[in-house]
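Understanding the architecture of this molecule
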Amino acid sequence: MLSLGAHISPLLAYPPHAPRLRSRPIPSAPASAGARTASPEPPCFRRRLFAADRSRRPTMAAAIAPEAGGSLAHDLGSAAVTAGVALALLRFFEELAKRGVFEQKLNRKLVHITVGMVFLLFWPLFSSGGYAPLLAALAPGINIIRMLLLGLGVVKNEAMVKSMSRSGDCRELLKGPLYYAATITLATSVFWRTSPIAIALICNLCAGDGIADVVGRRLGREKLPYNPNKSYAGSIAMAVAGFLASVGYMHYFHTFGFIEESWYMALGFLVVSLAATLVESHPISTQLDDNLTVPLTSFLVGSLVF
């Protein structure tokens, strides 16, 4: 008995893009005695066959659908939510500075720690589109403009200046706070959530450097021999905080499938945090700005180990 493939093989000989011509059924060969001849397949079977073949070929709709208007609207909404949360945090710490809840230096470091760490939490909201990191970078990018306007005296906001500067001088915003916003903008728009360098940059700058100052001012009795302005307690706190924050966000982004966590990556984060701590404790960081030297060191060392 002839198999059904003998009847449909002529159909499959046509290219998938060629129009299907209707023709008379191909007569089957005489069957042996006592055997039944196979009946020709019905037209509905042929339609299903070609429909399945067409469904296996990539289409333009399948190629552009994930990045089409729906994803753009989603990312615009995510950018609005992220920027709104960042602005709300800054407003919150401005109000704390007005009321004198914390001393000015502590309030400034709390801003330093929380804004960047919270910002990272919102990265998974965005799609995988090529424009997603640019839209995510809008929030810190807008903060760059704010630092420039405040630092140059174009816009007046004493509460914000007080919450983000050491001395209350608006021109100070053109250094550390501007470097801070620029680092987060660069890490977001260039490296994004699939790169451990982005995690190392932000975690060592925000968690590491921020915790170092808080702990160093309270427990830093023993000073470093090569820098009397830095302490063992502050430097140890920076290395530990930067490393733990990096590993925590490695696992966080791994749960969303953005990166593959590993012991090697965790060891790389430890190396980066130690290098950033050594540079931050050096007097050159005081002369320049640790908001510049810490992310620069994290980038250079991270580029070597990851």
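What follows covers helix H10 (residues 196–219). Most pronounced at asparagine 204, the bend in H10 amounts to some 35 degrees. Burial within H10 is extensive, with 19 of its 24 residues counted as buried.

Turning our attention to the packing of helix H9 (residues 176–191) against H10. If you want to describe how two helices pack, look at the angle between their axes and the distance between the axes. Their axes nearest at 9 Å, the elements H9 and H10 cross at an angle of 165 degrees. Considered as vectors, H9 and H10 are oriented roughly antiparallel to each other. The two elements H9 and H10 meet at a crossing, and its hand is left-handed. For the pair formed by H9 and H10, the contact residues are Tyr180, Thr183, Ile184, Ala187 and Phe191 on the first element and Ile197, Ala198, Leu201, Ile202, Leu205 and Cys206 on the second. A per-class count over the contact of H9 with H10 returns 10 nonpolar, one polar and no charged.

Okay, the layout of surface pockets next. In this structure, the largest pocket spans a volume of roughly 570 Å³. In this structure, the largest pocket is lined by 25 residues; those nearest its centre are Arg166, Asp213, Lys230, Thr286 and Asp290. Sorting the residues of the lining of the largest pocket by element identifies helix H5 (104–121), H9, H10, strand E2 (227–231), helix H11 (232–255) and helix H13 (283–287) as the ones contributing at least two each. Sort the elements by how many residues they give to the lining of the largest pocket and H10 lands first, with five residues. Along the lines of polarity and charge, the residues of the lining of the largest pocket split into three nonpolar, nine polar and 13 charged.

Let's shift gears to the side chain of lysine 230. Looking at the element boundaries, lysine 230 is found in strand E2. At 2.8 Å, the side chain of lysine 230 forms a polar contact with the side chain of glutamate 280. What lysine 230 contacts, discounting residues up to four positions off in sequence, is Lys223, Leu224, Glu280, Ser281, Thr286 and Asp290.

Sizing a probe to match a water molecule and rolling it over the atoms shows the empty space that remains. Under the counting rule described, the total for this entry stands at three cavities of 30 Å³ or more. Taken as a whole, the largest cavity holds about 180 Å³ of empty space. As for the largest cavity, its lining consists of 15 residues, of which Arg108, His112, Met164, Pro177 and Asn291 are closest to the centre. Secondary structure elements with two or more residues in the lining of the largest cavity: H5, H9 and helix H14 (290–305). At four residues, the largest contribution of residues to the lining of the largest cavity is made by H5.

So, on to the pattern of salt bridges. Counted under the stated rule, the structure contains six salt bridges. A salt bridge links arginine 99 to glutamate 95; its shortest N-O distance comes to 2.9 Å. Within this pair, arginine 99 and its partner glutamate 95 are both found in helix H4 (residues 69–99), separated by four residues, close to a single helical turn. Judged by relative accessible area, which is 32%, glutamate 95 ranks as partly exposed. When the shortest N-O distance is used, the salt bridge between glutamate 103 and arginine 218 registers 3.2 Å. Residue glutamate 103 is located in the loop between H4 and H5, and its partner arginine 218 is located in helix H10; the two are separated by 115 residues in the primary sequence. According to the relative accessible area criterion, glutamate 103 is partly exposed, its value standing at 48%.

The rules behind each value
- Along every chain, residues carry numbers that run from 1 in the direction the sequence is written.
- Confidence filtering applies because this is a predicted model: local features only for residues at pLDDT of at least 70, side-chain atom pairs given and counted only at 80 or more, and all residues used for totals across whole chains, interfaces and linings.
- Excluding hydrogens and water, the side-chain values take into account all heavy atoms of the structure.
- We define the bend at any residue as the angle between the axes fitted to the seven residues before and including it, ending there, and the seven starting there.
- Runs of H or I in DSSP of at least four residues are treated as helices and runs of E of at least two as strands, each being numbered from the N terminus.
- Burial classes: relative accessible area under 20% of the type maximum marks a residue as buried, over 50% as exposed, and values in between as partly exposed (1.4 Å probe, protein chains only).
- Angles here are taken between N-to-C directions and fall from 0 to 180 degrees, while the axes themselves are lines fitted to C-alpha atoms, restricted in helices to the stretch in contact.
- Should an angle fall under 35 degrees it is called roughly parallel, over 145 degrees roughly antiparallel, and 65 to 115 degrees roughly perpendicular, with every other angle called oblique.
- Helix crossings get a hand from a simple test, with the near helix turned counterclockwise from the far one by less than a right angle marking a left-handed crossing and a clockwise turn marking a right-handed one.
- The contact rule is simple, with two residues in contact once any of their heavy atoms fall within 4.5 Å.
- Under the grouping applied here, Gly and all other residues not named as nonpolar or charged are polar, the nonpolar ones being Ala, Val, Leu, Ile, Met, Phe, Trp, Tyr, Cys and Pro and the charged ones Asp, Glu, Lys and Arg.
- A pocket, in this scheme, is an open set of points on a 1 Å grid over the protein atoms alone with protein on both sides within 12 Å along at least 5 of 7 lines, while a cavity is a set where a 1.4 Å probe fits but cannot get out; residues line either one if an atom lies within 4 Å of a point.
- Grid points are joined across faces, edges and corners, and a volume is the space filled by probe spheres set on the points.
- N or O atoms within 3.5 Å of each other form a polar contact, as long as, within protein, one can give a hydrogen and the other can take it, and as long as residues adjacent in sequence are counted only when both atoms are side-chain atoms.
- Every case where a carboxyl oxygen of Asp or Glu lies within 4 Å of a side-chain nitrogen of Lys or Arg is listed as a salt bridge.

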